[in-house]
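One-letter residues, chain by chain:
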Amino acid sequence: MRPLFTATAACFTLAGLALAQYGDISDVKLAKPEDKEHVKSVEPPKGAIVLFDGKSLDGWVNRNGKDKAHWKLLDGGIMEVVKGGDIMTEKKFDGTFKLHVEFRVPYMPDAKGQGRGNSGVYLQGRYEVQVLDSYGLKSQNNDCGGIYSVAAPLVNACKAPTIWQSYDIEFTSPQCENGKKTEPAHVTVYHNGVKIHDDVKIKVDYTTAGLQTDPCTPGPILLQDHGNPVQYRNIWLVPMK
Ligand code: MG
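These figures come from a predicted structure and were not determined experimentally.

K.L.:
It is not clear to me how the overall build of the protein chain should be interpreted in this structure. Could you clarify?
P.N.:
Per the secondary structure count, the protein chain includes 1 helix and 15 strands. The C-alpha radius of gyration of the protein chain comes to 18 Å, within 12% of the 18 Å expected for a compact globule of 241 residues. Principal axes of the C-alpha set define a box for the protein chain whose edges measure 75 × 40 × 35 Å.

Given below as structure tokens:
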């Protein structure tokens, strides 16, 4: 019996350690009990391009486009932001695609506003869907789920900090003729399964801190380093047309 007891005790200790590092949310006032239930992880469907399978950062580079991504791989198929810059996929995308991303933000009760679990998912490296701890707020266009400075989410669908969440993003690149943009990008976003943007036109060519590349060219999926240890897992993309 002794080895079993030891293994169980070690398990509890590890779980306790993980919790201590990422934040104990027992003092967070929950709007509803499911806000502390992790979103169910969704397997990549047939035809998906797996961008992050949890085993390596292969296929990801630093924002300079050259160096191997410097973020941290953790047990459980997770990558965590490490200060020193954004990372992005080597692959570039255009046309219409569906992107699935799972993420969670640390509990930072002493931090405020944009300093609280900030990261972001940039489509084509240019347009940010904000990642932030915006739990319980009346969401603005710079809160979690916001298309940064362009559109606030229709509803706040956030889970509590430290809890796994998901984005399912249907993105269409700008339309171009003869190298000139004729139609802006547009996007529909589901946050934890709730529609928070319905075919929103993104009229700018990039949002704050996005890649300022030609909007008529393909671009990567870029994840933002905003100085907070935000975590990601299970990222995949389905090209549509
Ligand atoms: Mg951000």
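Picking up after the structure, the text goes on.
K.L.:
Which parts of the structure should I look at to understand the coordination of the magnesium ion?
P.N.:
Put simply, the ideal angle at a metal is 109.5 degrees for four donors in tetrahedral geometry and 90 or 180 degrees for six donors in octahedral geometry. Binding of the magnesium ion to the protein goes through N118 (OD1), S119 (O), E128 (OE), Q130 (OE1) and Q224 (OE1), at separations of 2.1 to 2.3 Å. Along the chain, the residues donating to the magnesium ion fall in the pattern N-S-x8-E-x1-Q-x93-Q. With N118 in the loop between β6 (96-104) and β7 (119-123) and E128 in strand β8 (residues 127-131), the pair connects residues that are 10 residues apart, well separated along the chain. Judged by its relative accessible area of 2%, E128 is buried.

K.L.:
What is the right way to read the state of the cysteines from this model?
P.N.:
As used here, a disulfide is simply a covalent bond connecting the sulfur atoms of two cysteines. Inspection of the entire model under this criterion finds 1 disulfide. Paired by a disulfide, C176 and C216 hold their sulfur atoms 2.2 Å apart. Taking the sign of the torsion about the S-S bond as the criterion, the disulfide between C176 and C216, at about -90 degrees, is left-handed. Of this pair, C176 sits in strand β10 (residues 175-177) while C216 sits in the loop between β13 (194-202) and β14 (222-223); the two residues are 40 residues apart in sequence, bridging distant segments of the chain. Its relative accessible area of 30% is what places C176 among the partly exposed residues. Looking at the unpaired C144, the closest cysteine sulfur is the one in C158, lying at 4.4 Å.

K.L.:
Help me understand the pairing of β6 in this model?
P.N.:
The element β6 is largely enclosed, with a buried count of 8 among its 9 residues. In this sheet, strand β9 (residues 165-172) lies alongside β6 in antiparallel orientation, the contact comprising 8 bridges. Along β9, the bridge assignment pairs H100 with D168. As paired elements, β6 and strand β15 (residues 231-239) share 7 bridges and run antiparallel to each other. Looking across to β15, one finds that H100 is bridged to W236.

K.L.:
Would you mind showing me how to read the confidence of the model for the protein chain here?
P.N.:
In low-pLDDT regions, the fine details of the predicted coordinates are not to be read closely. Looking at the protein chain as a whole, its pLDDT mean stands at 93, while 91% of the residues score no less than 70. Long-range and interchain partners of residues 1-18, a stretch whose pLDDT sits below 50, account for 0 contacts in this model, where long-range means more than four residues apart.

K.L.:
Can you walk me through the nonpolar core in this structure?
P.N.:
By size, the foremost hydrophobic cluster in this structure holds 47 residues, and its most contacted members are M79, L99, V121, I169, Y232 and I235. Those elements that provide at least two residues to this core are β1 (49-52), β6, β7, β8, β9, β12 (185-191), β13 and β15. At 4 residues, the largest contribution of residues to this core is made by β6. If you look at the next biggest cluster of nonpolar residues, it comprises 5 residues, including V61, M88, Y122 and L222.

K.L.:
Just checking my understanding: could you explain the side chain of N234 for this structure?
P.N.:
Mapped onto the elements of the fold, N234 is located in strand β15. Side-chain polar atoms of N234 contact the side chain of S41, separated by 3.3 Å. A polar contact is formed between the side chain of N234 and the side chain of E102, at a distance of 2.7 Å. When near neighbours in sequence (up to four residues on either side) are disregarded, N234 contacts S41, V42, E43, P44, F52, G77, H100, V101 and E102.

K.L.:
Would you take a moment to explain the sheet that holds β14 for this structure?
P.N.:
Strands sit in the order β2-β5-β14-β7-β8 across an open sheet of 5 strands; the sheet is antiparallel. The two strands at the open ends of the sheet, each matched to only one other strand, are β2 (60-62) and β8. Note: β2 against strand β5 (residues 87-89), 3 bridges, orientation antiparallel. Across the sheet, the residue bridging to V61 is M88, located in β5.

K.L.:
What's the story with the environment of K112 in this structure? I'm lost.
P.N.:
Assignment of secondary structure puts K112 in the loop between β6 and β7. When its relative accessible area of 67% is taken as the criterion, K112 is described as exposed. Remark: the alpha-carbon pair of K112 and W236, spanning 124 residues in sequence, is separated by 31 Å.

The rules behind each value
Residues numbered from 1 in each chain as written. Predicted model: local features only at pLDDT ≥ 70, side-chain atom pairs only at ≥ 80, totals over all residues. Heavy atoms only, no water. Helix = DSSP H or I, 4+ residues; strand = E, 2+ residues; numbered from the N terminus. Rg over C-alpha atoms; globule rule 2.2 N^0.38 Å. Donors = N, O, S within 2.8 Å, 3.2 Å for Na, K, Ca; no water. Buried < 20%, exposed > 50% of the residue type's maximum accessible area, 1.4 Å probe, protein only. Disulfide = S-S within 2.5 Å. Pairing = 2+ DSSP bridges. pLDDT = per-residue confidence, 0-100. Contact = heavy atoms within 4.5 Å. Core = buried A, V, L, I, M, F, W, Y, C linked by side-chain atoms within 4.5 Å. Polar contact = N/O pair within 3.5 Å; in protein donor to acceptor, adjacent residues only side chain to side chain.

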